Amino acid sequence: MADTALSVPRRSPLAGAADRLAATTRSSGGAVRLAELPFLAQVNVRLDAKGAAADAVGLALGLSLPFEPNTVVRAGELTVLWLGPDEWLVVGPPDTQRDVEHRIRAASGDEPVAVTDVSAQRTTLLVSGAHARDLLAHGCPLDLHPRAFAAGRCAQTTLARAQVVLVARDEPGAGFWVLVRSSFAGYLTDWLLDAAVEYVAEA
């Protein structure tokens, strides 16, 4: 029997906002750059930081899990965020979550490890440009000065009262990732576009 199931293209939470994000980026002359990074793989990992699985999982991912609070480790296409004393978020390219999950499970063996694919829960906003920190500071309670929140740092916080995971990227000029639940992505995008108006006017 022929397969008659319809193939429905995936639509990211902010697909309808792509033009507005691009327009603000162009109008600001690079003062702020806004874009969605859709469908990134996101795998939550819980394990004993002092157990054998921590080293094994790190080895399987090609890095060492970060043990310092609110820090980020990156190796190749994978980025690992410290979320708690026994919790990390592994972020990778789109559609790699099954591979990441398999590698973690295989490496952990019989050690107690919880691995959860949370890719569908959130989307990721990229906020960069010369005024990226200023823009985020309008709605974030954290001290975002580079001395307090330097490249390679992350935090679970709020932005415009929406719960987010904020990541200061460590590549030159890469700016920030804002990981936000899909249900709040439209609201947060509207807020960012509204807050960015002053930088568009300055350009």
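Described below are features of the structure shown in this document. (Residues numbered from 1 in each chain as written. Predicted model: local features only at pLDDT ≥ 70, side-chain atom pairs only at ≥ 80, totals over all residues. Heavy atoms only, no water.)

1. Section: the pairing of strand β4 (residues 78–84)
Line of reasoning, step 1. With 7 of 7 residues buried, β4 lies mostly within the body of the structure.
Line of reasoning, step 2. As paired elements, strand β3 (residues 72–75) and β4 share 4 bridges and run antiparallel to each other. Within β4, the residue paired with V73 across the bridge is V80.
Line of reasoning, step 3. As consecutive antiparallel partners, β3 and β4 are separated by 2 residues, and within that stretch G76 has a phi angle of approximately 60°, a positive value.
Line of reasoning, step 4. In terms of strand pairing, β4 meets strand β5 (residues 87–92) through 5 bridges, oriented antiparallel. (Buried < 20%, exposed > 50% of the residue type's maximum accessible area, 1.4 Å probe, protein only. Helix = DSSP H or I, 4+ residues; strand = E, 2+ residues; numbered from the N terminus. Pairing = 2+ DSSP bridges.)

2. What to know about helix α2 (residues 52–61)
Line of reasoning, step 1. Of all the residues in α2, the buried ones are A53, A54, V57, G58 and L61. Viewed along the axis of α2, the buried residues span an arc of 130°, placing them on a single side of the element. Seen from the buried face of α2, the exposed residues on the opposite side, beyond 90 degrees, are A52, D55 and L59.
Line of reasoning, step 2. Packing partners of the buried residues in α2 comprise β4, β5 and α3 (97–108).
Line of reasoning, step 3. Looking one or two places after α2, you find G62, whose phi comes out positive at around 80°. (Arc of directions from axis to C-beta. Contact = heavy atoms within 4.5 Å.)

3. Brief notes about the packing of aromatic side chains
Line of reasoning, step 1. Per the counting criterion, the structure on display carries 2 aromatic pairs.
Line of reasoning, step 2. A ring pair is formed by F67 and W88, whose centres lie 6.1 Å apart and whose planes are at 80°; its orientation type is edge-to-face. Separated by 21 residues along the polypeptide, F67 in the loop between α2 and β3 and W88 in strand β5 bring together distant segments of the chain.
Line of reasoning, step 3. The interplanar angle of 10° and the centroid separation of 6.5 Å between the aromatic rings of F149 and F176 together place this pair among those described as stacked. With F149 in the loop between α4 (132–137) and β8 (154–159) and F176 in strand β10 (residues 176–181), this pair connects stretches of sequence that are 27 residues apart.
Line of reasoning, step 4. Judged by its relative accessible area of 5%, F149 is buried. (Phe/Tyr/Trp six-rings, centres within 6.5 Å; stacked < 30°, edge-to-face > 60°.)

Read these as layout, nothing more, since geometry by itself doesn't imply function.
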